[in-house]
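Here's the letter readout for the chains.
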Amino acid sequence: MDLASMMGGMGGGAGGMPGGMGGMPGMGGMGGMPSRRAQRPKPETLKRELPVSLEDLASGFTKRMKITRRVQNPTTGTITSEPKLVTIEGRAGWKAGTKITFDGAGDTLNGHKAQDVQFVISEKPHTRFKRDPANSNNLITNVHVSLADALCGTTVRVKSLDGKRSLAVNCHRGIKPDSVRVIANEGMPGKGKTVRGDLKVMFTIDFPQGELGETEKAQ
């Protein structure tokens with residue numbers, strides 16, 4: 001029940017009484033009576049970073065986080081600690097910067113309202129993949145090939161992000177250091193979408209140290 005709204009309505013009705021309440025002897029002080037008690041502002045939201053792997057951001061994840069909140073008894077002032085378990089259901093396609101807020105899950109101190117707790121997703125660095133700056137749903141990986149393979153052509157295999165599949169990449173003759181091969185639908189899912197980005201395979205040519213071998217010379 002909103003006490004402030006009730007008192008506001010009563011004030012409007014009282015103004016219609018004959019003579020008004022303000023004219024009654026000894027009642028002049030009521031005009032200065034506050035309409036409601038001053039409320040303490042809600043404390044600043046407590047933010048915590050939540051690192052998540054690229055694999056989990058691609059498939060979705062469940063993480064259970066334990067929060068230990070401090071609660072102060074308004075009468076005695078005693079502060080006790082209360083454990084609280086919250087569950088984060090991560091959806092496939094979430095990116096770094098996604099925020100998950102639990103209202104009132106934090107500390108309750110000094111008569112303030114309970115503090116909100118917010119987890120902010122960050123992306124763990126990956127050993128084989130990184131996001132494409134031009135399209136964050138695309139992934140980029142780098143493959144090393146020998147000079148002989150770059151000149152003669154070869155087939156390289158790239159393990160998928162989930163680690164369950166080996167993706168074949170046919171490299172035709174004439175691979176250059178800036179060559180790119182695209183494997184469709186092997187990137188990251190878009191948020192709330194079923195279509196995935198692509199996987200871009202880039203090449204680093206390992207040039208031989210010292211003199212060229214017979215194969216390189218023949219090319």
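Here we summarise the structure given alongside this text.

Phi angles above zero are rare outside glycine, and N110 is one such case at about 55 degrees. Tracing the chain through its elements places N110 in the loop between β4 (99-102) and β5 (117-123). Of note, the phi angle at N185 is positive, near 65 degrees, even though the residue is not glycine. Tracing the backbone shows N185 in the loop between β10 (180-183) and β11 (199-206).

Right, let's talk about the environment of Q115 for a bit. Its location among the elements puts Q115 in the loop between β4 and β5. Residues within four places of Q115 in sequence aside, it is in contact with P43, E44, T45, L46, G104, A105, G106 and D107.

Let us look at the pattern of salt bridges. Applying the stated criterion across every chain, the model contains seven salt bridges. One salt bridge connects E123 with R131, and the closest N-O pair in it is separated by 2.7 Å. Since its relative accessible area comes to 29%, E123 is described here as partly exposed. Residue R131 is classed as buried on the basis of its relative accessible area, which comes to 18%. We note a salt bridge from D132 to K200, for which the minimum N-O separation is 2.9 Å.

Taken together, the side chains of V180, V182 and M202 make up a nonpolar region of the molecular surface, amounting to roughly 220 Å² of accessible area. Position of V182 relative to the elements: it lies in strand β10.

Ranked by internal contacts, the top residues of the largest apolar core, which has 35 residues, are I88, F119, I121, V169, L199, V201 and F203. With four residues, β11 is the single largest residue contributor to this core. In this structure, I88 is in contact with L50, F61, T62, K63, M65, W94, I100, F102 and F119, ignoring residues within four places of it in sequence.

Read across the sheet, four strands follow the order β6-β7-β11-β10 without closing on themselves; strand pairing throughout is mixed. Of all strands in the sheet, those with a lone pairing partner are β6 (130-132) and β10, marking the two edges. Strand after strand, the sheet turns through a mean of 40 degrees between neighbouring axes, direction not considered. As judged from the eight bridges shared by strand β7 (residues 135-146) and β11, these two strands associate in the parallel manner. Among the inter-strand pairings, V143 is bridged to a residue of β11, identified as F203.

With respect to the element layout, N138 can be found in strand β7. The exposure class assigned to N138 is buried, which follows from its relative accessible area of 9%. Not counting the four nearest positions on each side in its chain, N138 is found in contact with K130, R131, D132, G197, D198 and K200.

Quick look at the pairing of β11 now. Across the two faces of β11 the burial differs, with L199, V201, F203 and I205 buried and K200, M202, T204 and D206 not buried at all. Both β10 and β11 contribute to a ladder of four bridges, which runs antiparallel. Paired with I183 across the strands is L199, a residue of β11.

Criteria and cut-off values
Residues numbered from 1 in each chain as written. Predicted model: local features only at pLDDT ≥ 70, side-chain atom pairs only at ≥ 80, totals over all residues. Heavy atoms only, no water. Helix = DSSP H or I, 4+ residues; strand = E, 2+ residues; numbered from the N terminus. Contact = heavy atoms within 4.5 Å. Salt bridge = Lys/Arg side-chain N within 4 Å of Asp/Glu carboxyl O. Buried < 20%, exposed > 50% of the residue type's maximum accessible area, 1.4 Å probe, protein only. Patch = residues over 30% accessible without salt bridge, like charges linked within 9 Å, V, L, I, M, F, W, Y side chains within 5 Å. Areas by Shrake-Rupley, 256 points an atom, 1.4 Å probe, with all protein chains shown as cover. Core = buried A, V, L, I, M, F, W, Y, C linked by side-chain atoms within 4.5 Å. Pairing = 2+ DSSP bridges. Axes fitted to C-alpha atoms, helices over the stretch in contact; angles between N-to-C directions.

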